[in-house]
Amino acid sequence: MGSLGAILKHPGDFYPLMKLKMAASNAEKRIPPQPHWGFCYSMLHKVSRSFALVIRQLSAELRDAVCIFYLVLRALDTVEDDTSIPTDVKVPILKAFHQHVYDKEWHFSCGTKEYKVLMDQFHHVSTAFLELGKRYQEAIEDITKRMGAGMEKFICKEVETVDDYNEYCHYVAGLVGLGLSKLFHASGAEDLAPDSLSNSMGLFLQKTNIIRDYLEDINEIPKSRMFWPRQIWSKYVNKLEDLKYEENSEKAVQCLNDMVTNALTHVEDCLTYMSALRDPSIFRFCAIPQIMAIGTLALCYNNIEVFRGVVKMRRGLTAKVIDRTRTMVDVYGAFYDFSCMLKSKVDKTDPNATKTLSRIEATQKACRDAGLKNKRKSYILPSEPRYSFVLVVVLLIILAILLAQLFASRSSNY
């Protein structure tokens, strides 16, 4: 759960955090008994805990298909990410990965920690894949084949232009959006969304991750991973790694703001995609990550800490997003609030300020045109009233009681 200091500072986070903790605990208890499905869902919790929570809301059939789709692409991505694998070994694996999913015996040792476990025991994923319906298998195979080919293309190709950047993000994330839309359609729950909108859903998430993960990627050993396009960063520094040095702080922030502004071009497509969804569980599955993305961009914008460490939403706010995202009205509200946060950080002297403000205003207009009322209570913007000392004490007492019950329960099991 969130740190005690964060809860004391944001007491309103306490209840959503408790609900999230209980949901996570319940999800872990409902791991399927079959060895291969048990492995898949256990692994899903390890490689993406938040995704595992959201996926649990889907219908059983679709949940299984999305789980396997995610793990197959996570495994493919593990091969691409491992900079220690020689190119002549990596390329054939990427090109043939869509065939390996049909082979119950295939595995390849690479990656680290839980990702290495996934690769070493990939036969469990293949076994589960072969139990999916034919339409689900075809959709997963198609996207895996296209993604592997795209990854191969960029092994020996730098991300030079913004067009290259969009193409790379299409291969590693836009195709995920297309694949999910195919799975939703195969389940009979949704119409097949236009490829352009599905692609934007993936690009918005991927570009947010690329922005947030700059320092981790640039410090990758044995070789840096560089996804920021030269067309953007070369306006500010001579080398991409120069952005992390303190003497380049001003230029680094300007470059960061340029990257965030580029990501914001996908917002309107994302809102259009989500507004067309009919199934409540599919809607939440899609909407929660998108809100997290706009929230992360708002935190990263104009923030030098992106080049010093990790910038991410506090756990309590994440819990609130998961708890309060139910309808499209909630999505419009969150996007509007985070865009307000972003707008408040724009420095008029920034070289991209005009362009950034234009993108923010387009987002806010889309939210207002959908019927969003400006005067509404926000759980995102720092406008919550100060909580009294008494309330904080009560929260601490409740927390102590819950912890005591938890320890008592564990003791009784021994």
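Right, let's walk through the structure included here. Fair warning: this is a prediction, and the values are worked out from it, not measured in the lab.

1. Some remarks on the overall build of the protein chain
From N to C terminus, the protein chain includes 20 helices and 0 strands. Going through the 414 residues of the protein chain one by one, you find that 53% of them count as buried. Here the analysis covers contacts within the protein chain between residues at least 6 apart in sequence; of these, 72% occur between residues at least 24 apart. Split by element, the accessible area of the protein chain, about 19500 Å² in all, is 54% carbon and sulfur.

2. Examining the packing of aromatic side chains
Enumeration according to the criterion identifies 13 aromatic pairs in this entry. Between Trp 106 and Phe 122, the ring centres sit 5.6 Å apart and the planes meet at 90°, which makes this aromatic pair edge-to-face. Taken together, the residues Trp 106 in the loop between helix 6 (87-100) and helix 7 (113-120) and Phe 122 in helix 8 (residues 122-129) connect sequence positions 16 residues apart. Classification of Phe 122 by relative accessible area gives buried; the value is 0%. Ring geometry for Phe 154 and Tyr 168: centres 5.4 Å apart, planes at 70°, overall edge-to-face. Residue Phe 154 is located in helix 9 (residues 134-155), and its partner Tyr 168 is located in helix 10 (residues 162-186); the two are separated by 14 residues in the primary sequence.

3. So, the pattern of salt bridges
Counted according to the given criterion, the structure contains 17 salt bridges. For Asp 77, the salt bridge is made with Arg 74, and the minimal N-O distance between the two is 2.4 Å. Residue Asp 77 and its partner Arg 74 are located together in helix 5 (residues 60-81), separated by 3 residues, close to a single helical turn. In this structure, Asp 77 and Arg 74 share a single accessibility class: buried. For Asp 81, the salt bridge is made with Arg 74, and the minimal N-O distance between the two is 3.7 Å. Sharing partners across several salt bridges, the network here consists of Arg 74, Asp 77, Asp 81, Asp 217 and Arg 225.

4. Quick notes on the environment of Val 346
Along the chain, the position of Val 346 falls in the loop between helix 18 (328-344) and helix 19 (353-369). The buried category is assigned to Val 346, whose relative accessible area is 12%. Distance from Val 346 to Leu 357, taken between C-alpha atoms, is 7.6 Å for residues 11 residues apart in sequence. With residues up to four places along the chain from it excluded, the contact list for Val 346 reads Tyr 301, Ala 353, Thr 356, Leu 357 and Ile 360.

5. Observations regarding the side chain of Arg 74
Given the relative accessible area of 18%, Arg 74 is considered buried. Looking at Arg 74, its side chain comes within polar contact range of the side chain of Asp 77, at 2.4 Å. Among residues more than four places away in sequence, those in contact with Arg 74 are Val 47, Asp 81, Tyr 115 and Leu 118.

6. Some details on the nonpolar core
By size, the foremost hydrophobic cluster in this structure holds 129 residues, and its most contacted members are Phe 97, Leu 183, Trp 228, Met 274, Phe 285 and Phe 335. Once you skip the residues sitting within four places of it in the chain, Phe 97 turns out to touch Val 72, Ala 75, Leu 76, Val 79, Trp 106, Met 119, Phe 122 and Thr 144.

7. Quick look at the environment of Thr 87
By the secondary structure assignment, Thr 87 is in helix 6. Thr 87 gets classed as partly exposed once you look at its relative accessible area, which sits at 37%. Along the chain, Thr 87 and Ile 155 lie 68 residues apart, while their C-alpha atoms are 7.6 Å from each other. If we skip the residues at most four places from it in the chain, Thr 87 touches Pro 92, Ile 155 and Cys 156.

8. As for the environment of Thr 83
Turning to its location among the elements, Thr 83 is positioned in the loop between helix 5 and helix 6. For Thr 83, a relative accessible area of 24% translates into the label partly exposed. When the C-alpha positions of Thr 83 and Glu 220 are compared, they lie 8.4 Å apart, and in sequence the two are 137 residues distant. With residues near it in sequence (within four places) discarded, Thr 83 still touches Lys 90, Glu 220, Ile 221, Pro 222, Lys 223 and Arg 225.

9. Here we look at the packing of helix 15 (residues 267-275) against helix 18
As a packed pair, helix 15 and helix 18 sit with axes 10 Å apart at the nearest point and diverge in direction by 165°. As far as their axial angle goes, helix 18 and helix 15 are roughly antiparallel. Every pair of crossing elements has a handedness; the one defined by helix 15 and helix 18 is right-handed. Mapping the contact onto sequence places Val 267, Leu 271, Met 274 and Ser 275 in helix 15 and Met 328, Val 331, Tyr 332 and Phe 335 in helix 18. Grouping the amino acids of the contact of helix 15 with helix 18 by side-chain chemistry returns 7 nonpolar, 1 polar and no charged.

Cut-offs and rules
Residues numbered from 1 in each chain as written. Predicted model: local features only at pLDDT ≥ 70, side-chain atom pairs only at ≥ 80, totals over all residues. Heavy atoms only, no water. Helix = DSSP H or I, 4+ residues; strand = E, 2+ residues; numbered from the N terminus. Buried < 20%, exposed > 50% of the residue type's maximum accessible area, 1.4 Å probe, protein only. Contact = heavy atoms within 4.5 Å. Areas by Shrake-Rupley, 256 points an atom, 1.4 Å probe, with all protein chains shown as cover. Phe/Tyr/Trp six-rings, centres within 6.5 Å; stacked < 30°, edge-to-face > 60°. Salt bridge = Lys/Arg side-chain N within 4 Å of Asp/Glu carboxyl O. Polar contact = N/O pair within 3.5 Å; in protein donor to acceptor, adjacent residues only side chain to side chain. Core = buried A, V, L, I, M, F, W, Y, C linked by side-chain atoms within 4.5 Å. Axes fitted to C-alpha atoms, helices over the stretch in contact; angles between N-to-C directions. Parallel < 35°, antiparallel > 145°, perpendicular 65-115°, else oblique. Left-handed = near helix turned anticlockwise from the far one by under 90°. Nonpolar A, V, L, I, M, F, W, Y, C, P; charged D, E, K, R; others polar.

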